[in-house]
Amino acid sequence: MYLTKREERILEGEEGEGKRLAMELLVAIGEAFEAERLIPITRAHVATSAQEGDTYWAERLAKGGARCAVRTTTNPPWDYDFFSRIAELTEYEISLLHRTVDAYRRLGAVLSFSCTPYVLDNVPSFGEHVAFSESSAPPYVNSVLGARTNREGSPSALASAVIGKTPYYGLHIDENRRANVVVKVEASMEGPFSYGLLGIHVGEIVGSGIPYFRGLPRNPSKEELVYLGAELATSGSVAMYHIEGVTPEAALMEEPVESGAEVIEVGEEDLRDTLERWSESGGRISSVILGCPHYTYEQLVEVARILGGRRIHPDVDLYILTSRHALEMARRSGVLDVIERAGGRVVADTCIDQPVFRKYEGTLGCTDSFKNAYYRTRRGQKFVIMDMKSCIEAAIRGEVR
Amino acid sequence: MRVRAKKLFGGDVEGEALVSRDPINFYLADPETGVYLEKNHSLGGKSLSGKVLIIPSGKGSSVVQLDGLYQLARHNNAPRAVIANVADAVLVSACVVVGVTLIHKPEKDLTRILRDGDWVIIKGDDIILGERNAVLDH
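Computed from a predicted model, the values in this text were never measured in an experiment. (Residues numbered from 1 in each chain as written. Chains lettered and ligands numbered in written order. Predicted model: local features only at pLDDT ≥ 70, side-chain atom pairs only at ≥ 80, totals over all residues.)

**Digging into the domain arrangement of chain A**
Residues and elements named next belong to chain A.
Here comes step 1: For chain A, the assigned domains are domain 1 (5-174), domain 2 (178-275) and domain 3 (279-400).
Here comes step 2: Here the C-alpha centre of domain 3 lies 28 Å away from the C-alpha centre of domain 1.
Here comes step 3: Residue-level contacts link 18 residues of domain 1 with 14 residues of domain 3.
Here comes step 4: The residue inventory of the side of domain 1 that touches domain 3, partitioned by class, reads twelve nonpolar, four polar and two charged. (Domains from an automatic or database assignment. Contact = placed C-beta atoms within 7 Å. Nonpolar A, V, L, I, M, F, W, Y, C, P; charged D, E, K, R; others polar.)

This is the structure:
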């Protein structure tokens, strides 16, 4: 890979050990993908997981004097103020959280702690080159916004943030953004859950491909598109898709689909079969977890409307994970009060894949997110997966029939 | 025998080969013993500790691959080097962050040629199969 004089000097450590480490990683990735050079990025998003390997890397860069060169938002770990009151946590888990937050603070990252920066506070424009980790981000950023990112891991996204550049390969290049599989949807689509189910189904089939959807409605909500991308990146490793008549880039391409692309059809029955494979069938539940990816303000309003003054079952804990911004808007508007009076907990800055939900391991829960079910299953919690309204009705009844 | 490859990260090293026919995820190794735990896997029950690991590729999400290799290193049970037929961004990141030499795209598929215990030397972009202490100065 070609390096400019300045990039070479950074690699030799002339601008500090932190930048040297970051450059070393970008060069290794660039060489692996035979990138010709580095290109500038305008923003980054780092999946701050509070797992030790990730924190170790952030600490090494921070100790080496590195600072983020572009706007860099951060994924949620968990909210200390909220969970230190109600969850049993080890000294190690608490100290790892504080180490992680401290390292990213020293790096000059924006401590936004939300997994949906792309609809919130780090929104690239059409054509911008960026480096976003968090698996739900590349599908939204590439497909809906028409900006350009590869499917970054947290270390490479942070290295790009520090250098302000990324290797020029993959989805940064025009030719690599065309679809290689056509998906004809013959099922009716309404609401985020149905888009999520479609995403899980198609992700299993296309793996790391770029699907081109036909037959979807013209005006999907942002929540529907968030769920579609998040689930395509859960059962598969999809980083980009096109929707005919909806996403902006396909219409600008002469041939948005590669010639000879496979065509798959998806009907109601296919989706029903996939749901049956992923979801538990029912029983008494101990928790309902919503907000993976983080709920928007509009979804919090919808939760309050469905609750309609009813209280949830005393044996059920209802968590709704969201951004700090949406939580504050819900507080101001009275929506938070409705949910809390029903017995629900609205929590910011927190990811489902964290030790704060340990007490639900080995029990049955409800969620509207396949991604949530997938990651929590690794930790021994099972889920009935269904739409938001059904989840809330289950929280009130205490069971799924 | 000398096989040309592409060094992605790290210095020259040598050591005993440990050969996997299947993609690997470091999260599925026990950090305290270095033993790979995944069932029905060609590395199942073998220790990665201090070995030159020869694999087709990595697998699994970025967070667990990195944390798995990090935990192995923290217990001094990381492999000495990784030779991959193809390295993805996640495997590259894990090796760079933890400091494990990584080389990929060898001209020949070494997972089919090498056996456990063969002595392997990585020198620049070359993989040399030979005698202990034959090439590198210590």
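**What to know about unusual backbone geometry**
All names here are of chain A.
Here comes step 1: Cis geometry marks the peptide bond from C292 to P293; its omega dihedral reads -5°.
Here comes step 2: Tracing the sequence through the fold places P293 in strand 11 (residues 287-295).
Here comes step 3: We note that E34 has phi near 55°; this positive angle belongs to a residue other than glycine.
Here comes step 4: The exposure class of E34 is exposed, given the 11 C-beta atoms found within 10 Å.
Here comes step 5: In the Ramachandran plot, D349 falls in the positive-phi region, its phi being about 65° despite a non-glycine side chain.
Here comes step 6: Inspection of the secondary structure assignment puts D349 in the loop between strand 13 (344-348) and strand 14 (364-367). (Helix = DSSP H or I, 4+ residues; strand = E, 2+ residues; numbered from the N terminus. Buried ≥ 20, exposed ≤ 12 C-beta atoms within 10 Å, placed from the backbone.)

**Focus on the sheet that holds strand 12 (residues 317-322) of chain A**
In sheet architecture, strand pairing relies on hydrogen bonds along the backbone and comes in two forms, parallel and antiparallel.
All names here are of chain A.
Here comes step 1: In space, the five strands of this open sheet follow the order 13-12-11-14-15, with parallel pairing throughout. The sheet is open, and its two edges are formed by strand 13 and strand 15 (382-385), each paired on a single side. Looking at each pair of strands side by side, their axes are set apart by 25° on average, direction ignored.
Here comes step 2: As paired strands, strand 12 and strand 13 are joined by five bridges and run parallel to one another. Within strand 13, the position partnered with T322 by the bridge is A348.
Here comes step 3: Of the strands in this sheet, strand 11, strand 12 and strand 13 touch helix 13 (residues 324-333), which is tilted by about 135° from strand 13.
Here comes step 4: Each of strand 11, strand 12 and strand 14 is contacted by helix 16 (residues 388-397), which is oriented at about 150° to strand 11, the strand it contacts most. (Pairing = 2+ DSSP bridges. Axes fitted to C-alpha atoms, helices over the stretch in contact; angles between N-to-C directions.)

**Description of the interface of chain A and chain B**
Here comes step 1: At the junction of the two partners, chain A supplies 17 residues and chain B supplies 17 residues.
Here comes step 2: Counting residues per element, the ones that place at least two in the side of chain A that touches chain B are helix 2 (17-32), helix 3 (52-63) and helix 7 (154-163) of chain A.
Here comes step 3: Ranked by residues supplied to the side of chain A that touches chain B, first place goes to helix 2 of chain A with six residues.
Here comes step 4: The class makeup of the residues in the side of chain A that touches chain B is seven nonpolar, six polar and four charged.

**Points about the sheet that holds strand 3 (residues 13-19) of chain B**
Residues and elements named next belong to chain B.
Here comes step 1: Pairing within the open sheet is mixed, and its eight strands lie in the order 1-8-7-3-4-5-6-2. One side of each edge strand has no neighbouring strand; the edge strands of this open sheet are strand 1 (2-4) and strand 2 (6-9). Going from strand to strand, the sheet's axes swing by 30° on average, the running direction of each strand aside.
Here comes step 2: By the bridge criterion, four bridges tie strand 3 to strand 7 (residues 119-123) in an arrangement that is antiparallel. Within strand 7, the residue paired with E16 across the bridge is W119.
Here comes step 3: Contacts from helix 2 (residues 89-98) reach strand 2, strand 5 (81-84) and strand 6 (101-104), with the element oriented near 60° to strand 2.

**What to know about helix 7 of chain A**
Here comes step 1: Most of helix 7 of chain A sits out of view: ten of its ten residues are buried.
Here comes step 2: Of the residues trailing helix 7 of chain A, G164 of chain A is marked for its positive phi of about 80°.

**A word on the packing of helix 2 of chain A against helix 3 of chain A**
All names here are of chain A.
Here comes step 1: At a closest axis distance of 6 Å, the pairing of helix 2 and helix 3 adopts a crossing angle of 135°. Considered as vectors, helix 2 and helix 3 are oriented oblique to each other. Taken together, the residues of helix 3 that come into contact with helix 2 (itself represented by G18, L21 and A22) are R60, L61 and A62. (Parallel < 35°, antiparallel > 145°, perpendicular 65-115°, else oblique.)

**Points about the pairing of strand 3 of chain B**
Here comes step 1: Bridging between strand 3 of chain B and strand 4 (residues 52-55) of chain B involves three bridges; their strand directions are parallel. Each bridged residue has a counterpart across the sheet, and for A17 of chain B the counterpart in strand 4 of chain B is V52 of chain B.

**Focus on helix 5 (residues 91-106) of chain A**
Residue and element names in this part refer to chain A.
Here comes step 1: Compared with the 22 Å implied by 1.5 Å per residue over 16 residues, the 22 Å span of helix 5 between its first and last C-alpha is a close match.
Here comes step 2: Among all positions of helix 5, only L97, T100, V101, A103 and Y104 are buried. Along the axis of helix 5, the buried positions cluster into a sector of 160°, meaning they face one direction only. Facing away from the buried side of helix 5 by more than 90 degrees, the exposed set consists of E91, Y92, S95, H98 and R105.
Here comes step 3: On the buried face of helix 5, the contacting elements are helix 3, strand 3 (71-74) and helix 4 (80-86). (Expected span 1.5 Å × (residues − 1). Arc of directions from axis to C-beta.)

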